[in-house]
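Structure at a glance
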Amino acid sequence: MSKHILIVDDSKTIRNLVSFILKKEGYKVTTAEDGLDGLEKLYACEHIDLIISDINMPHMDGFTFIRTVREQDAYRDVPIVVLSTEGQEQDIKKGIKFGANLYMVKPAQPQQMVSNIRMLLG
Ligand SMILES: [Mg+2]
């Protein structure tokens with residue numbers, strides 16, 4: 001069965017682009033428009049194998065989203081990849097501290113993103 005990836009980003013362009021890349025690799029994809037929507041989708045899906053999250057989003061930003069996901073036992077081990085335009089060291093440190101496994105800065109090379117995801121999915 002194909003692995004299920006949740007993409008959380010307020011940019012429709014990014015959601016579509018990342019979805020396209022991952023679907024082409026055979027992954028099942030669900031998208032969410034912000035952190036709150038991301039939580040709803042996460043709770044609604046039977047199983048999510050990996051989460052890709054933006055940082056700057058309305059309603060609930062990526063830092064809060066990641067921390068909220070990590071606080072729950074059920075999602076303690078789900079790999080989380082940040083994909084953000086914010087590439088400052090402080091942002092990267094914060095993302096990792098809040099529970100992200102990997103922090104990628106936009107624009108990310110599709111092949112790099114795919115190989116990182118493959119690695120995280122083991
Ligand atoms: Mg954004």
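Before any of the text, the structure's been laid out above.
What comes next concerns the included structure. (Residues numbered from 1 in each chain as written. Predicted model: local features only at pLDDT ≥ 70, side-chain atom pairs only at ≥ 80, totals over all residues. Heavy atoms only, no water.)

1. Points about the overall build of the chain
Rules: In DSSP terms, a helix is any run of H or I states spanning at least four residues, a strand is any run of E spanning at least two, and both are numbered starting from the N terminus. The globule rule is 2.2 Å times the number of residues to the power 0.38, and the radius of gyration it is compared with is taken over C-alpha atoms. Only protein chains enter the accessibility calculation, which uses a 1.4 Å probe; a residue whose area is less than 20% of its type maximum is buried, one above 50% is exposed, and one in between is partly exposed. What makes two residues a contact is simply this: any of their non-hydrogen atoms within 4.5 Å. Method for areas: the Shrake-Rupley scheme with a 1.4 Å probe, in which residue coverage is limited to the protein chains shown. The charged-residue count follows a simple rule in which Lys and Arg add positive charge and Asp and Glu add negative charge, with His and chain termini not counted at all. In plain terms, the charge of a residue is placed at NZ if it is Lys, CZ if Arg, CG if Asp and CD if Glu.
Tallying secondary structure elements over the chain gives 5 helices and 5 strands in all. When the helices and strands of the chain are listed from N to C terminus, the series reads β-α-β-α-β-α-β-α-β-α. Taken over C-alpha atoms, the radius of gyration comes to 13 Å for the chain, in line with the 14 Å a tight globule of 122 residues would show. Along the first, second and third principal axes, the C-alpha atoms of the chain reach 35 × 30 × 25 Å. When each of the 122 residues of the chain is scored for burial, the buried share is 49%. Sequence separation of at least 24 residues holds for 61% of the intrachain contacts in the chain that already meet a minimum separation of 6. With an accessible surface of roughly 6,700 Å², the chain has 49% of that area assigned to carbon and sulfur atoms. On the chain, the mean spot of the 15 positive side-chain charges and the mean spot of the 17 negative ones are 4 Å from each other.

2. Examining the pairing of strand β1 (residues 4-8)
Selection rule: In this scheme, strands are said to pair when DSSP sees at least two bridges between them. Crossover handedness is defined by viewing with both strands directed away from the observer: a clockwise path from the first strand over the helix to the second marks the crossover as right-handed.
The element β1 is largely enclosed, with a buried count of 5 among its 5 residues. Direction of pairing for β1 relative to strand β2 (residues 28-32): parallel, over a ladder of 5 bridges. Paired with Ile-5 across the two strands is Val-29, which belongs to β2. For the crossover from β1 across helix α1 (residues 12-24) to β2, the handedness is right-handed. Two strands pair when backbone bridges link them, and β1 and strand β3 (residues 50-53) are joined in this way by 4 bridges, in the parallel orientation. Of the residues in β3, the one forming a bridge with Leu-6 is Ile-51.

3. Examining the sheet that holds strand β4 (residues 80-84)
The cut-off we apply is this: Note on geometry: axes are C-alpha line fits, over the in-contact stretch for helices, and angles between N-to-C directions span 0 to 180 degrees.
The 5 strands are arranged β2-β1-β3-β4-β5 in an open sheet whose pairing can be described as parallel. Taken across any chain shown, the strands that pair with only one partner, and hence form the sheet edges, are β2 and β5 (102-105). Averaged over all neighbouring strand pairs, the angle between strand axes comes to 20 degrees, with direction disregarded. One ladder, built from 4 bridges, connects β4 with β5; its direction is parallel.

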